[in-house]
Structures are given as structure tokens and as C-alpha cells.
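For reference, the chains in residue letters:
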Amino acid sequence: MATASLSIDLDAITANWRALDRLSGPGVQTAAVVKADAYGLGAARVVRALAQVGARRFFVALAEEGAAVRQALGPGPQINILSGHMAGDTEMLHDLDLTPMLNSLEQITRHLEALPGHPFGVQLDTGMNRLGVELAEWQAVAPILLEADPVMLMSHLACADEPDHPMNLRQLEMFHEMTDGTGLPRSFAATGGILLGPQYHFDLTRAGIGLYGGRPFDLSQRVVTLSLPVIQTREVAAGETVGYGNAWEAETPAIIATVAAGYADGLLRALGNGAVLWDGDTPCPLVGRVSMDLITVDVTHLKDIPRTLDILGPHQSVDDIADVAGTIGYEILTSLGPRYTRRYTEARG
Ligand SMILES: *Cc1c(COP(=O)(O)O)cnc(C)c1O
């Protein structure tokens, strides 16, 4: 079988949630952000594991993602929709008890007219200029909205992964200005914001990337291992080239392993002639370009040809690979794609 295997350690995810929950501090709830199928790792398994250890609130981007999470969890936990209440969402929000975070006057009007009495939150724009109600609009609608009793007021930080960035304090001040005195539960911090310290935590934090073992939560446990099958090997002579565009040329005789995963599986083309795979503790350089379904790896120095090589594992994190490709761990995770066999490990079974 040439299908590669993506191992996902659910115990590491729950341990990371507990650690971020401890960092969020007493009296502060910690929600789990599971948008984009739990950052590519499989929302159904991830949310069930998190619910077992006490997570009660979840965030997704889209109502359809919320529906999948509700199906996995059953009634009870609060599932929040970051894109708010879009045209066409009403029935799903109602039937599956999803809580939209309303982002604009248009969404607020739609929600109050279509689903009066149905829970909602409000997302405020404190300077990121991406989603949420802006200050002037908020001042106009807050008196009416507060009577409809939102479950929370939330906002999002633009530069939380840079602790010294002046934007953090600017947004914090704006969030206070927009929400002080409302008496409503407030949520401001994602993973980066949790690490900025207690003044950013308010009532509910929203942990995403840190659950999955990514920066900036450096103390996180490793979650993913990605093992790729070796399909065949060949000997190349000095001066021979490998792969598309003759992008790598052997300087000395070499043994090249052809390995079953490519850019269609999230191994970005930018990894060509740069990334390293691992046979246990031994690094093996990726040579030549990344193809759609294949990569080629120099294994000349190995005693035996292994059945698989790891591209994510104890020696190489999603952030390490992201650095090679010039991107971030979030993009590596969410690019991993549907072709892998996802194997979940969990002590509880
Ligand atoms: C994605 C997202 C999060 C989670 O962010 P991480 O950096 O992954 O922790 C939290 N809040 C909002 C609004 C988001 O879009």
C-alpha cells in the first residue's frame, strides 16, 4: 500500500488543551478552535477527545463545520460560528443549536429577525480590519443589542505572536473601550493572546494552533507524525539527474528512494531540494523537485532501505517544515490533505 500514514496523538492534543487551560488561569474558560477540520487533523475525533477532558465550547469558521462538530458531540457543548449568520445558514443554526458570532449590522438584523431568542455572540473589530462590528456602528447598535443578551463579545488580535508589538496594547485598549461596563462575557485571546498574559484573557480564551503542537506555544506536546512509504529505489551515477527539470544532479554515485507523497498531499513545492526526511534518527535530504504524488530522497548513507521515511516526527515539527517552505505551521497542517490514512492514538482507546 502506497498510502502514507498520518498519526495524530489525541492525548497530546488533550494535554495541550489542559496546559493552555491552566495558562488561561482560574475562572477563565478555554474553548477549542477546530475550524478547517481541526486544522486538518479530523474534527470529529479531536472534539470528542477534548470533550472527554472537559472542553465545553468550540469555535469553527463555517456553519457547515459547526454541523459536523454537533454531529460528533451531540447536544450540550456550545459551538460558535466565526463567520456569523450568513444568508442560508438560518435553518442549520436553529436545528443544530449553533451560536453565530455576528460580524456586521446586516448579520445582526438577519439574526434578530430570522431567529429571535436564538443565542448569538458579537465579534468586534478592534483594529484588524477583517471581521467584526466597528466602533461607530457598535456605539449605535449596542443599546438595542445588549437587550437581546448576547452570550459573548469577542475580538481577535492581529499580532499576538509578537509579544512586544504595540498593536497588542492598542487592540486591548480598544476592546476595553468597546466592552467595559457591558457586564457580558468577553473573549479576546487565541493561542498567542493566552501567552501574552492575564490581562488578555477576559472570560473565555480560544486555543487553536497550540492544541495541535504549533508555534507560538513552544511548550506544547508534539501531535503529528507523518510516515511516507518508500515505493522503489534506484542507483544513479555521478552526473545523472533526478526528477522534473533535472533539478538535482548527483555529484557522486547515489541511491535515491522514491517516496509516496507530493504537493497534492501538502508537501509544498517550496520544500524541493531543501527539506529533510528521517529514518529513525538519521536525516535524509529530499533531492530534486516535489511532484504531485512523489518525492525523491537521498538514502545513499543508510545501511538498509527503510519501508518508510518520516517527514514529521520527533526530529522535525510542522514549524520546522514550515520554515523550510517559507510559511507557517498552520498552513502545513491545513494543507495535509485527504489522501493520508489518519491514525489516532489515545490511551483511553
Ligand atoms: C483561528 C482563530 C483562533 C485560533 O487561533 P490560534 O492562533 O490558532 O490559536 C481564534 N480566534 C479566531 C477569531 C480565529 O480566527
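Reading guide: rules and limits
- Residues numbered from 1 in each chain as written.
- Predicted model: local features only at pLDDT ≥ 70, side-chain atom pairs only at ≥ 80, totals over all residues.
- Heavy atoms only, no water.
- Helix = DSSP H or I, 4+ residues; strand = E, 2+ residues; numbered from the N terminus.
- Buried < 20%, exposed > 50% of the residue type's maximum accessible area, 1.4 Å probe, protein only.
- Areas by Shrake-Rupley, 256 points an atom, 1.4 Å probe, with all protein chains shown as cover.
- Salt bridge = Lys/Arg side-chain N within 4 Å of Asp/Glu carboxyl O.
- Near = heavy atom within 4 Å.
- Polar contact = N/O pair within 3.5 Å; in protein donor to acceptor, adjacent residues only side chain to side chain.
- Nonpolar A, V, L, I, M, F, W, Y, C, P; charged D, E, K, R; others polar.
- Contact = heavy atoms within 4.5 Å.
- Pairing = 2+ DSSP bridges.
- Right-handed = clockwise from strand over helix to strand, strands pointing away.
- Phe/Tyr/Trp six-rings, centres within 6.5 Å; stacked < 30°, edge-to-face > 60°.
- Lys NZ or Arg CZ within 6 Å of the ring centre and 35° of its normal.

## Quick notes on the overall build of the protein chain
The number of helices and strands found in the protein chain is 11 helices and 18 strands. For the protein chain, the C-alpha atoms occupy an extent of roughly 75 × 40 × 35 Å along the three principal directions. Each of the 349 residues in the protein chain was classed as buried or not, and the buried ones make up 52%. When the accessible surface of the protein chain is totalled, it reaches about 15700 Å², and 51% of it is carbon and sulfur.

## Section: the pattern of salt bridges
A full pass over the atoms with the stated rule returns seven salt bridges. The residue E106 makes a salt bridge to R110 at a minimum N-O spacing of 3.2 Å. Here E106 and its partner R110 are both found in helix α6 (residues 105-114), four residues apart, which amounts to about one turn of the helix. You can call E106 exposed: its relative accessible area is 57%. Using a relative accessible area of 22% as the deciding quantity, one classes R110 as partly exposed. Residues R339 and D293 are paired through a salt bridge, measuring 2.9 Å at the closest nitrogen-oxygen approach. Note that R339 is positioned in the loop between α11 (329-334) and β18 (341-345) and D293 in the loop between β15 (282-287) and β16 (295-298), a separation of 46 residues in sequence. Members of the salt-bridge network, linked through shared partners, are D265, D293 and R339.

## Thoughts on the site of the ligand
Neighbouring the ligand are 13 residues; K35, Y39, T191, I209 and Y330 lie closest to it. Taking T191, its side chain carries an N or O atom lying 2.6 Å from an oxygen atom of the ligand. Its free accessible area being 390 Å², the ligand has 91% of it covered by the protein chains. Residue composition of the shell around the ligand, by class: seven nonpolar, three polar and three charged.

## Regarding helix α3 (residues 43-52)
Among all positions in α3, only A43, V46, V47, A49, L50 and A51 are buried. Residues of α3 that are buried in the fold lie against α1 (10-24), β2 (29-33), α2 (35-39), β3 (57-60) and α4 (63-73). Just downstream of α3 lies G54, where phi reads positive at about 115 degrees.

## Comments concerning the pairing of strand β4 (residues 78-81)
Across the two faces of β4 the burial is the same, with Q78 and N80 and I79 and I81 all buried. Taken together, the four bridges between β3 and β4 define a ladder with parallel strand orientation. Bridge assignment links F59 to a residue of β4, and that residue is N80. In this fold, β3 hands off to α4, which returns the chain to β4; that crossover is right-handed. With three bridges connecting them, β4 and strand β5 (residues 98-102) associate as parallel partners. Each residue of the ladder has a partner; that of I81, found in β5, is P100.

## What to know about unusual backbone geometry
Omega for the bond connecting R215 with P216 falls within 30 degrees of zero, at 10 degrees, which places this linkage in the cis form. A positive phi angle, near 50 degrees, is found at A36, a position not held by glycine. As for its placement among the helices and strands, A36 is situated in helix α2. Although it is not a glycine, D37 adopts a positive phi angle of roughly 55 degrees. With respect to the helices, strands and loops of the structure, D37 is situated in helix α2. Given the relative accessible area of 41%, D37 is considered partly exposed.

## Observations regarding the packing of aromatic side chains
Two numbers describe a pair of aromatic rings. These are the distance of the centres and the angle of the planes. This structure, assessed with the given rule, holds six aromatic pairs. Their ring planes at 5 degrees and their centres at 6.2 Å tell us that F188 and Y200 sit as a pair that is stacked. Of this pair, F188 sits in the loop between β8 (186-187) and α9 (191-196) while Y200 sits in the loop between α9 and β9 (204-207), and the two are 12 residues apart along the sequence. Each member of the pair, F188 as well as Y200, is classed as buried. Through a chain of ring-to-ring contacts, three or more aromatic side chains come together here, namely F175, F188, Y200 and F202. In this structure, R206 packs its charged tip against the face of F59, placed 5.9 Å from the ring centre.

## Some details on the environment of T179
Mapped onto the secondary structure, T179 falls in helix α8 (residues 166-179). It is 12 Å that separates the C-alpha atoms of T179 and L145, two residues lying 34 residues apart in sequence. Discounting residues that sit within four places of it in the chain, T179 has contacts with L124, L153 and R186.

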